[in-house]
Amino acid sequence: MTTEQAPASPRPPAPAGLDIDALPARELYANREISWLDFNDRVFAEAGDPRNPLRERVRFLAIAASNLDEFYAKRVGWLQSRLRSGDDEETIDGLGVREQLSIVRRRGETMRHRYAACWREELAPGLAAAGVPVSSYAALSAVQRARVREYFVRDVFPVLTPLVVDPAHPFPFISGGSLSIGANVTDPETGDVRFARVKVPDNRPRFVEAGDGVYVAIEEVIGAHLDLLFPGAAFSDWWLMHLLRNADIDTPGEAADDLREVVGTMIERRRMAAPVCVELSADPGGARGLVLRRELALSDEDVLILPSPLRLSDITELADAADDAPAFATPAPAIPSAFQEADTGDDLFATLRAREVLVHHPYESFDASVARFMRAAAVDPRVLAIKQTMYRTSPDSPLLEAAIRAATLGKQVAVIVELTARFDEANNIEWARRLEDAGVHIAYGRPNRKIHSKMSLVVRDEPDGVRLYGHIGTGNYNSTTARVYTDLGLFTSDPAVCNDLLSIFNQLTGYGRFPATKQIVLSPTGLRPALTERIQREIAHARAGRPARIVFKMNALEDQAFTRLLYAAGQAGVQVDLIVRGICRLRPGVPGLSDNIRVVSVIGRFLEHSRVYYFANDGAPEYFIGSADIMKRNLDERVEATAPVRDPRHQAHLRHLFDTMLADERQGWRLVDRTWSRAEESDQPGTHAALLRDAPFS
């Protein structure tokens, strides 16, 4: 592991001639929506990469399909809403709303056809060879059909509700994300042809085991038994529908009196939101097709005819069924040495009094570190109070169970619940109710200012007085995602850091201005100026001929001002290395503009989620970890906590992380201007395999 803290010499300034201030904005910024679609192409590439095990390729395809559905619901829905409101202004990259919508529609449809081809031509045959064939209903044997019919009559038929559209039955509501069967049904008495809809139940497996290891999609089973749902009717055809609705619903404003009630209303509004697109497995044609378009208020561009199966995210069921097919061998997460040394709660707190501890998930165990810390605090008789934020968590969260346990033991427990974490609102509302019922003090994020920070604070009565213990992380307190998201967490008893945490918690549960912190850098008040000042300091070092370097690791680089500032740093001779998982507005490697800027994206078995910021600072390096990406919403609109990492051993690990990711020829994609590429033949271990091998790190 290298401990080098700065490059040996500065890079030369970029060739003169490109004035950032004189260039039009469209020359400086990549389009946000296109950049996100580029990211999903990188995810999809893992599905097509034969170097990955078959089961993992199936899962990557499912992830890419799920990601694209979410993109449509959130971003295409947002573009459509803007256009309907009459807004077709250009964004900073020079593209108007209408043009962006046209581009993403075309590209999205192409991507879905590519996903279907990957499934049909590579992954489905691979699963069949591995003993998990997926058959059409028509190709099943008589014995298999009999078995499937028995299953249908017993376990599926009672759940179904056939709906027909006629003067007595209005067009049915179709929920976002759902699968439905549409059919042309002929009335046996009048001969009238009607549109009928049957929702495919989400509480039944998508793929039905028909015997001999053969699977068939549940919609084919339902389609083969429509005669039981519509007795005596005739069917000319049926098709599958997958509808997506707009998920870009505004959060409640300052007028909200009961935020929990208002968020519940917001969830219902999202359920009823305008359709964004519908995917069909066949064109219903004629009057039926016109009815579908009219009732869903969709243009022709938003009705996609795609090969089956639709909603490819469900193929994870088949990956799970393919027990004998190759998959990633994931060893048990390592236990950080500091937690190995501590047999009791007293030992653990003694360790944290002696030194800070940095943990790196999922290479190091979340359950054996973060969850253990909270469980120990819950039952420790010396602990007086526990404070914690909650943005996204698992339905069986061990941390919140520990908070409930602590409250029942008489400790003061406060949890800041962010009710408006998108798609997690219902889970967070339920946890808020459970915590409140147990006597936990509950506070919510302010309307229009999400609490995205990941912080915990333990107050303990010790022989020399009350001492504070804190944890600041880059990821959610979620024991499920901690197994597949890469995140960092810092445990500390440093009085300056912990007193900052105490001040922040008091502001979040109480009222008043955001506190002036000494060690933690806080959004929305302090992170933008703190990072800006440090980038300008690196520029000054470079201009004075001193080594200068910036390394940022983040999920997205979207902020306009920071993009310009990073261009300026590169032109001044600062070595700028950006590790960006998803959206990147910046165009690296453009002669005269960004020669000194390198952008890498690492895609693989784990989702890169940690945020780390490094400044060489002329040999006095500074590292920070936190919850904020370089996006306007994180810097200016959310509560985010970023903490310094000062221990040389921890800094060495972060530097090793940078070196590994920037040199990755297996998982690492490199961006030059607007084009991403990677080495297709490398047999070197990627970042994730290398770090699994190296854990634990302290």
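Every chain is numbered independently, its residues counted from 1 as its sequence is written. In keeping with the predicted nature of the model, local features appear solely for residues at pLDDT of at least 70, side-chain atom pairs appear and are counted solely at 80 or more, and the whole-chain, interface and lining totals rest on all residues. Side-chain metrics rest on all non-hydrogen atoms present in the structure, leaving aside hydrogens and water.

Comments concerning the overall build of the chain
Stage number 1. Helix numbers and strand numbers start at the N terminus; a helix is a DSSP run of H or I with at least 4 residues, a strand a run of E with at least 2. Within the chain, the regular secondary structure consists of 20 helices and 25 strands.
Stage number 2. Against the globule reference of 26 Å for 698 residues, the chain gives a C-alpha radius of gyration of 27 Å, in line with a compact fold.
Stage number 3. For the chain, the spread of C-alpha atoms along the principal axes amounts to about 85 × 70 × 55 Å.
Stage number 4. For the exposure calls, accessible area comes from a 1.4 Å probe over protein chains only, and a residue counts as buried if that area is under 20% of its type's maximum, exposed if over 50%, partly exposed in between. Evaluated residue by residue, the chain yields a buried proportion of 58% over its 698 residues.
Stage number 5. The contacts in the chain between residues at least 6 apart in sequence include a share of 75% that link residues at least 24 apart.
Stage number 6. Side chains of the chain give 83 positive and 96 negative charges; the mean places of these two sets differ by 2 Å. We compute the radius of gyration over the C-alpha atoms and compare it with the globule rule, which gives 2.2 Å times the number of residues raised to the power 0.38. Whether two residues touch is decided by their heavy atoms; if any such pair falls within 4.5 Å, the residues are in contact. Just so you know, the count uses Lys and Arg for positive and Asp and Glu for negative, and it drops His and the chain ends. To locate a charge, the coordinates of NZ of Lys, CZ of Arg, CG of Asp or CD of Glu are taken.

So, empty space enclosed by the protein
Stage number 1. A 1.4 Å probe that fits but cannot get out identifies a cavity on a 1 Å grid over protein atoms alone, an open set with protein on both sides within 12 Å along at least five of seven lines counts as a pocket, and a residue lines either if it has an atom within 4 Å of a point. Grid points are joined across faces, edges and corners, and a volume is the space filled by probe spheres set on the points. Under the definition given, this model contains four cavities of 30 Å³ or more.
Stage number 2. Size it by volume and the largest cavity reaches roughly 120 Å³.
Stage number 3. Contributing to the lining of the largest cavity are 13 residues, with Arg112, Glu279, Leu306, Arg311 and Leu312 lying nearest its centre.
Stage number 4. Elements supplying a minimum of two residues to the lining of the largest cavity: α2 (54-84) and α3 (97-129).
Stage number 5. For the lining of the largest cavity, the leading source of residues is α3, giving three residues.
Stage number 6. Of the pockets and cavities examined, the second largest cavity occupies roughly 100 Å³.
Stage number 7. His361, Phe366, Gly475, Asn476 and Asp487 are, among the 16 residues lining the second largest cavity, the residues nearest its centre.
Stage number 8. Those elements that place two or more of their residues in the lining of the second largest cavity are β14 (465-473) and β15 (485-492).

As for the pattern of salt bridges
Opposite charge on two side chains permits pairing when their charged atoms draw close.
Stage number 1. Take a side-chain nitrogen of Lys or Arg and a carboxyl oxygen of Asp or Glu: if they are within 4 Å of each other, that pair is a salt bridge. Applying the stated criterion across every chain yields a total of 56 salt bridges.
Stage number 2. Where Glu219 meets Arg206, a salt bridge forms, and the shortest distance between an N and an O atom there is 2.8 Å. Taken as a pair, Glu219 in helix α5 (residues 218-224) and Arg206 in the loop between β3 (193-199) and β4 (207-211) lie far apart in primary sequence, 13 residues in all.
Stage number 3. The exposure class assigned to Glu219 is buried, which follows from its relative accessible area of 3%.
Stage number 4. One salt bridge connects Asp314 with Arg206, and the closest N-O pair in it is separated by 2.8 Å. Of this pair, Asp314 sits in the loop between β8 (303-305) and α9 (316-321) while Arg206 sits in the loop between β3 and β4, and the two are 108 residues apart along the sequence.

Points about the packing of helix α19 (residues 648-662) against helix α20 (residues 687-694)
Stage number 1. Where α19 meets α20, the axes come as close as 9 Å, and the angle between the chain directions of the two elements is 145 degrees. The interaxial crossing formed by α19 with α20 has right-handed handedness. In this structure, α19 contributes His656, Leu657, Thr660 and Met661 to the contact, and α20 contributes Thr687, Ala690, Leu691 and Asp694.
Stage number 2. Under the convention adopted here, Pro, Cys and the residues Ala, Val, Leu, Ile, Met, Phe, Trp and Tyr are nonpolar, Asp, Glu, Lys and Arg are charged, and Gly plus all remaining residues are polar. Counted by class, the contact of α19 with α20 contains four nonpolar, three polar and one charged residues. Helix axes are fitted only over the stretch in contact, all axes being lines through C-alpha atoms; the angle between N-to-C directions runs from 0 to 180 degrees. Rotating anticlockwise by less than a right angle from the far helix to the near helix defines a left-handed crossing, while the corresponding clockwise rotation defines a right-handed one.

A look at the packing of helix α12 (residues 367-379) against helix α13 (residues 398-408)
A pair of packed helices is captured by two measures, namely the crossing angle of their axes and the spacing between those axes.
Stage number 1. Packing of α12 against α13 brings their axes to within 8 Å, and their N-to-C directions diverge by 10 degrees. Comparing their axes, α13 and α12 come out roughly parallel. Seen from α12, the contacting residues are Asp367, Val370, Ala371, Met374, Arg375, Ala378 and Val379; seen from α13, they are Pro398, Leu399, Ala402, Arg405 and Ala406.
Stage number 2. Among the residues forming the contact of α12 with α13, the class breakdown is nine nonpolar, no polar and three charged. Orientation is classified from the angle alone, with under 35 degrees giving roughly parallel, over 145 giving roughly antiparallel, 65 to 115 giving roughly perpendicular, and any other angle giving oblique.

What about the pairing of β3?
Stage number 1. As paired strands, strand β1 (residues 162-165) and β3 are joined by four bridges and run antiparallel to one another. What sits directly across from Val165, in β3, is Phe195. For two strands to count as paired, DSSP must find a minimum of two bridges between them.

Topic: unusual backbone geometry
Stage number 1. Note the cis peptide between Ser308 and Pro309, where omega equals 0 degrees.
Stage number 2. Tracing the sequence through the fold places Pro309 in the loop between β8 and α9.
Stage number 3. The phi angle at Ala297 is positive, at roughly 55 degrees, despite the residue not being glycine.
Stage number 4. Mapped onto the secondary structure, Ala297 falls in the loop between α8 (286-296) and β8.

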